[in-house]
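Secondary and tertiary structure notes
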Amino acid sequence: MFQNEKDGSFFNPIDVQTDPRDFDGRIFHLLGQGLGDTVNAFRIVSALQSIFPYSKQVLYCDQRWREFLPPGTPWTVHWYPEALDPRHPERGVVSPYQDSLREILSVANRSDRLGYYSYLLPDQLARGESTQETIARKLGLSDFISEFRPLVHVSPLDWEKADKILKHHGLETGRFFTMAPHTWPDKSWKTENFEELGKTVWEEFGFKSVILGLPELKTPSFEGAVPVFGIPLPVVAAIIAQSRLFIGLDSGLSHVAAGFDIPLVVLYSQGKIPAFEIRVHSPYADYILEQIPGRPIEVSTVLNVLRSHMKRTSKSILKPPVCPACGRTMQYVIEALDEELNRRCFCGTQFLEKWGRDWGNPSTKAKTQMEDKQKRGNELHFSENPKKPDNEKQIFWKNVERINHHRWSKRITLKSPYTPLLMADLERPSEQSIFFSLDGIFYFLRRSGLQILSVKHAETFDREKELTLHIEFSKEHFPTKRILIPWGKGTLYLKCMGDYFTYFSWQSWATSIRWTGLPKRVYEWGKKEDAVRVARTVFRMDPSFKTAKYWLRYLWLSFWNIIKAG
């Protein structure tokens, strides 16, 4: 909510759930400067245009991507000043959004609304949402966009140009890879790595690799490489769409590739911002993460992921498996050895996937997810027996201690709870394929209809290597006292698990750049009492000047609001 400079009224976001379909005012959109921001935003703007056909869309965006503007749309477009670019990082505007927002507030009327904008909702992190998903939810579009994908327009003429380029290089549709090796230095992967990867792809599969991106930057050179530069962006998109597989980084072309139904392998090699916030939106994508922040992604890992895709033939089995803990797709890959992918879910639960398993077959999926021969203490036992105490077709803890008719307790030991579990850490051969994180266990219990009452620490443990907890839970609702959950640099002190699932259930991605600003998000969301409580929780977990500042600030604002109300 922003205040209009013309008359002091408030400038509110458009809301698909409450605003009438005959709304005929203007909807202003502040797009990000990047190519990915733009093609993803076009999906949201297009959806709003179709829902409110009499509205007028006013966009502020980067002129570098004007070729992707959908044709025939009556949108009014204002172009940002020249942006920073990897080719000339010394010049350009870093963030034009505030100036553009002030311009909008100076001209907007009471009947106008704000559309696409970087809304910082406090529950985004706990939901595991990308920035685009959060924006769509804020505008009430979640029910209208069931599967978010970028909007990439390619005209018949662009397809024709792409066909001519492919024919010129002797390439057939589906018989070559596309690579986009260029991005900002902090998100890059060594050129030598792309060269080794492309060389192996040529030798092993006989597939050439079309290199797309910025010719001014260092470009991989290897046998089988086909550099294609200096062509319009829609033609680039058409070439990507006809490739067998796309390999890219956290860059705009990866988001463009996500607009087409082809396999994507995207490398996220910087851990400052959690990858789920900036991920590409495609059900056919694998996101490869660093095993440990700062440790470069190995070529062998990427190559084995490519091999797993090349072994599959059916579109129905290109989608990653579903997490048995939280129900999300397990699109993140930590490592790939032999014929096994070490997959990770947003909730931190990991799954060792055999390449040859047909995930389009429900019986295969169910059989894998129902494996009950578990050796480690952090494994759950699945049960379909309705006669079990919780009277639910859900999971049960193995060797659960029954406290009374409604309450149970379980001692659980987690291996490496704050870093991914690697295959080298496992006893091989292992019959186990699923490894639950702490968040995964919490999600699993909640999805089973069970309430977590307490989480107690063992007297001694080495947090970096092993964590032993006693979790008490119930099928009935009981008041809880204080719940202590190991998280980030310390321990969260919570009154109930509701706060955890709303604000903190993202500990597998815990980063100070996000948790220190969490109270501000809560306060700006209008949850002022929650902001004080969250700020205090964050300060106790990570005592610092910055976290103390937020706590004292929102505590003072809370008192001031009480004084004003009295």
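Preceding block: the structure.
None of these values were measured; they are calculated from a predicted model.

Thresholds, definitions, all that
- Residues numbered from 1 in each chain as written.
- Predicted model: local features only at pLDDT ≥ 70, side-chain atom pairs only at ≥ 80, totals over all residues.
- Heavy atoms only, no water.
- Helix = DSSP H or I, 4+ residues; strand = E, 2+ residues; numbered from the N terminus.
- Contact = heavy atoms within 4.5 Å.
- Areas by Shrake-Rupley, 256 points an atom, 1.4 Å probe, with all protein chains shown as cover.
- Buried < 20%, exposed > 50% of the residue type's maximum accessible area, 1.4 Å probe, protein only.
- Phe/Tyr/Trp six-rings, centres within 6.5 Å; stacked < 30°, edge-to-face > 60°.
- Lys NZ or Arg CZ within 6 Å of the ring centre and 35° of its normal.
- Core = buried A, V, L, I, M, F, W, Y, C linked by side-chain atoms within 4.5 Å.
- Pairing = 2+ DSSP bridges.
- Axes fitted to C-alpha atoms, helices over the stretch in contact; angles between N-to-C directions.
- Expected span 1.5 Å × (residues − 1).

Concerning the overall build of the chain
- Each helix and strand in the chain was counted, giving 17 helices and 24 strands.
- Sequence-distant contacts in the chain: of pairs separated by 6 or more residues, those separated by 24 or more amount to 65%.
- Here the chain has roughly 25500 Å² of accessible surface; of this, 50% comes from carbon and sulfur atoms.

Here we look at the environment of Leu-249
- As for its placement among the helices and strands, Leu-249 is situated in strand β10 (residues 245-249).
- The class of Leu-249 is buried, set by a relative accessible area of 0%.
- Remark: the alpha-carbon pair of Leu-249 and Ser-269, spanning 20 residues in sequence, is separated by 8.1 Å.
- Every residue in contact with Leu-249, bar those within four places of it in the chain, is listed here: Ala-180, Pro-181, His-182, Thr-183, Lys-187, Ser-188, Trp-189, Phe-194, Ser-254, Val-266 and Leu-267.

Some details on the packing of aromatic side chains
- Taken as a whole and assessed by the stated rule, the structure comprises 26 aromatic pairs.
- One aromatic cluster is present, formed by Tyr-268, Phe-276, Tyr-287, Tyr-332, Phe-346 and Trp-509 through successive ring pairs.
- One Lys or Arg, Arg-344, reaches over the ring of Trp-509 and ends 5.4 Å from the middle of that ring.
- Above the face of the Tyr-493 ring, Arg-540 is positioned so that its terminal group lies 4.0 Å from the ring centre.

A word on the nonpolar core
- With 133 residues, the main nonpolar core has Leu-141, Phe-442 and Phe-504 as its most contacted residues.
- Tallying contributions element by element places helix α1 (residues 35-51) first for this core, with nine residues.
- The contact partners of Phe-504, leaving out residues within four places of it in the chain, are Ala-126, Trp-487, Leu-492, Leu-494, Asp-499, Leu-518, Val-534, Thr-537 and Val-538.
- Listed in part, the 27 residues of the second largest apolar core include Val-201, Phe-207, Leu-303 and Val-333.

Thoughts on helix α7 (residues 233-241)
- Of all nine residues making up α7, nine are buried, and the element is well covered by its neighbours.
- Residues of α7 that are buried make contact with α5 (156-168), β7 (176-180), β8 (208-211), β10 and α8 (252-257).

Observations concerning the sheet that holds strand β5 (residues 76-79)
- One open sheet holds the four strands; their spatial order is β5-β4-β3-β6, and the pairing between them is parallel. Strand pairing shows two members of the sheet lacking a second neighbour, β5 and β6 (113-114), which therefore form its edges.
- The pairing of strand β4 (residues 56-61) with β5 spans four bridges and is parallel. Bridge assignment links Cys-61 to a residue of β5, and that residue is Trp-79.
- Contacting β3 (26-30) and β4, α1 crosses the sheet at an angle of about 170 degrees to β4.

Focus: the pairing of β8
- Relative to β8, β7 runs parallel, the two being bridged by four bridges. Paired with Thr-178 across the bridge in β8 is Val-210.
- Summarising the sheet, β8 and strand β9 (residues 225-227) pair through three bridges and their orientation is parallel. Bridge pairing in β9 places Ser-209 opposite Ala-225.

As for the sheet that holds strand β20 (residues 434-435)
- Pairing is mixed in the open sheet, where 10 strands are placed in the order β9-β8-β7-β10-β11-β12-β13-β14-β15-β20. What marks the edges here is a single partner per strand, and that holds for β9 and β20.
- Bridging between β7 and β10 involves four bridges; their strand directions are parallel. When the bridges of β10 are listed, Ala-180 appears paired with Gly-248.
- The strands touched by helix α6 (residues 191-205) are β7, β8 and β10; relative to β7, the strand with the most contacts, the crossing angle is about 175 degrees.

Observations regarding α1
- For α1, spanning 17 residues, the distance from its first C-alpha to its last is 25 Å, which sits close to the expected 24 Å at 1.5 Å a residue.
- By the criterion of burial, α1 is predominantly enclosed, with 13 of the 17 residues buried.

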